[in-house]
Amino acid sequence: MFAQILVGIDPTDAADDALALAQRLRDSASGRLVLAIVIDALPDVRDPLAATRPAHELIEPAQRRLYAVSEGLPSDVPCTTRILSGASPARALYGEAEALGADLIVLGSTRRRRVGRWLERATVQRLMRGAPCAVAVAAPGQAVRDVPWSTLRVAFDGSPESDVALEAAFAIASGPGGEVVLHTALERLPVPVGFTGVAVAPVAVEDLEAASRRAAETAARRAPPRVETRVQVTVDGDPAAQLLGEAEPTALLVAGSRSYGPLRRVLAGSVSARLAVNGDVPILITPRALVPSGGDAPPGADAPA
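Residues numbered from 1 in each chain as written. Predicted model: local features only at pLDDT ≥ 70, side-chain atom pairs only at ≥ 80, totals over all residues. Heavy atoms only, no water.

Q: Explain the overall build of the protein here, please?
A: A tally of helices and strands in the protein yields 10 helices and 12 strands. Within the span of the protein, comprising 305 residues, buried residues form 45% of the whole. A sequence separation of at least 24 residues applies to 78% of the contacts in the protein between residues at least 6 apart. Counting every atom, the protein has about 15400 Å² of accessible surface; 55% of that belongs to carbon and sulfur. (Helix = DSSP H or I, 4+ residues; strand = E, 2+ residues; numbered from the N terminus. Buried < 20%, exposed > 50% of the residue type's maximum accessible area, 1.4 Å probe, protein only. Contact = heavy atoms within 4.5 Å. Areas by Shrake-Rupley, 256 points an atom, 1.4 Å probe, with all protein chains shown as cover.)

Here is the structure:
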């Protein structure tokens, strides 16, 4: 579980969902929450009065919101509040997480439209480019999901990033005990034939499935006591869709971010970025920064902008 959790608070019900997820992931013995609201430091050019508006008109509503939210927490949950300033919520949260030494940032579900998600404008997607710690996103209605997680489902492909995600899942499940599913989602990639034709890549799918299963079974042996493991390998279209399609309603989805920078994301896509804005199940993204030395991030990895 996590000891120092930075929770992004906004004026919507998504804040309640973020708080519920943060409490579920908090270390019951030493974990504390830092509730943060980001206010825009730049005047709105569409508002002629914005440049002369006193700072207290921005700060006081934020203070009232933080007080109301913190008052709703159980008395045994240590909590402090912060008001951050910046035109980019992602950058402000990133800087605060670094200053606090936070090991987790928790956000409510994204409210951006689909085009905003594709352009990676959602705060969580921007954070994933270089966050100093793990990032979790609550599902809508998280605050009323009071049943324990039945499963922690890990997007596992044998990479160093998925190993970090798996260790995080083991740590979360080790306290109460539970099941961790190592889910490898494979995709049949077409290859060009001649100048016009397209054919399925001539790779034996059965061989690839068998190799993936062996790698996952080997990794599953690292599970701590009281944690059951299960390996699942699927080959059926888009990996993100496969992972979400198999995720149980009471599951927590865990994935590693490769944080390869804008160009690599456009060329190769980002499964973890799409999972983070799925809107159906809570997800925990472990950042590239947590991969042990020897697995250095490729050139082009960048911090939030």
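Q: Which parts of the structure should I look at to understand a nonpolar patch on the surface?
A: Taken together, the side chains of L58, I59 and I83 make up a nonpolar region of the molecular surface, amounting to roughly 200 Å² of accessible area. With respect to the helices and strands, the residue L58 is situated in helix α2 (residues 56-71). A relative accessible area of 37% places L58 in the partly exposed class. (Patch = residues over 30% accessible without salt bridge, like charges linked within 9 Å, V, L, I, M, F, W, Y side chains within 5 Å. Salt bridge = Lys/Arg side-chain N within 4 Å of Asp/Glu carboxyl O.)

Q: Would you mind going over the pairing of strand β12 (residues 283-286) with me for this structure?
A: Regular strands show a simple pattern: their side chains alternate between the two faces of the sheet. The alternating pattern of β12 places I283 and I285 and L284 and T286 on opposite faces, both of which are buried. Pairing of strand β5 (residues 134-137) with β12, which is carried by three bridges, proceeds in the antiparallel orientation. Within the sheet, the bridge partner assigned to V135 lies in β12 and is I285. Strand direction decides the pairing type here: strand β11 (residues 251-256) and β12, joined by four bridges, are parallel. Within β12, the position partnered with L253 by the bridge is I283. (Pairing = 2+ DSSP bridges.)

Q: Before we go on, may I ask you to explain the pattern of salt bridges in this structure?
A: When the charged atoms of two side chains with opposite charge come close together, those side chains can pair. Summed over the entire model, instances satisfying the criterion amount to four salt bridges. Of the charged contacts, one joins R222 and E167 as a salt bridge, the two residues approaching to 2.9 Å between their closest N and O atoms. Taken together, the positions of R222 in the loop between α7 (205-220) and β10 (227-235) and E167 in helix α6 (residues 160-174) put the pair 55 residues apart, joining distant regions of the chain. Taking the relative accessible area as the measure of exposure, R222 reaches 39% and is therefore partly exposed.

Q: Whenever I open this one, α7 confuses me. Can you help?
A: Because the α-helix completes a turn every 3.6 residues, residues three or four places apart line up on one side. With 16 residues, α7 ought to run about 22 Å at 1.5 Å a step, and its terminal C-alpha atoms sit 22 Å apart, in line with that. Close packing links the buried residues of α7 with α6, β7 (178-186) and β10. (Expected span 1.5 Å × (residues − 1).)

Q: Whenever I open this one, the environment of E217 confuses me. Can you help?
A: Within the secondary structure, E217 sits in helix α7. Here E217 falls in the partly exposed class, since its relative accessible area comes to 35%. On a C-alpha basis, the gap between E217 and V231 in space is 6.5 Å, while along the polypeptide they are 14 residues apart.

Q: Would you explain the confidence of the model for the protein in this entry?
A: The predicted coordinates of low-pLDDT regions are not to be read in fine detail. In the predicted model, the protein carries a mean pLDDT of 77, and the fraction of residues at 70 or more is 72%. At the low end of the mean pLDDT range in the protein sits helix α9 (residues 261-268), at 37; at the high end sits strand β1 (residues 4-8), at 95. Across residues 195-200, confidence stays below pLDDT 50; counting only partners more than four residues off in sequence or on other chains, it has 10 contacts. Note that residues 260-269 has pLDDT below 50 and, in this model, 16 contacts with residues that lie over four places away or in other chains. (pLDDT = per-residue confidence, 0-100.)

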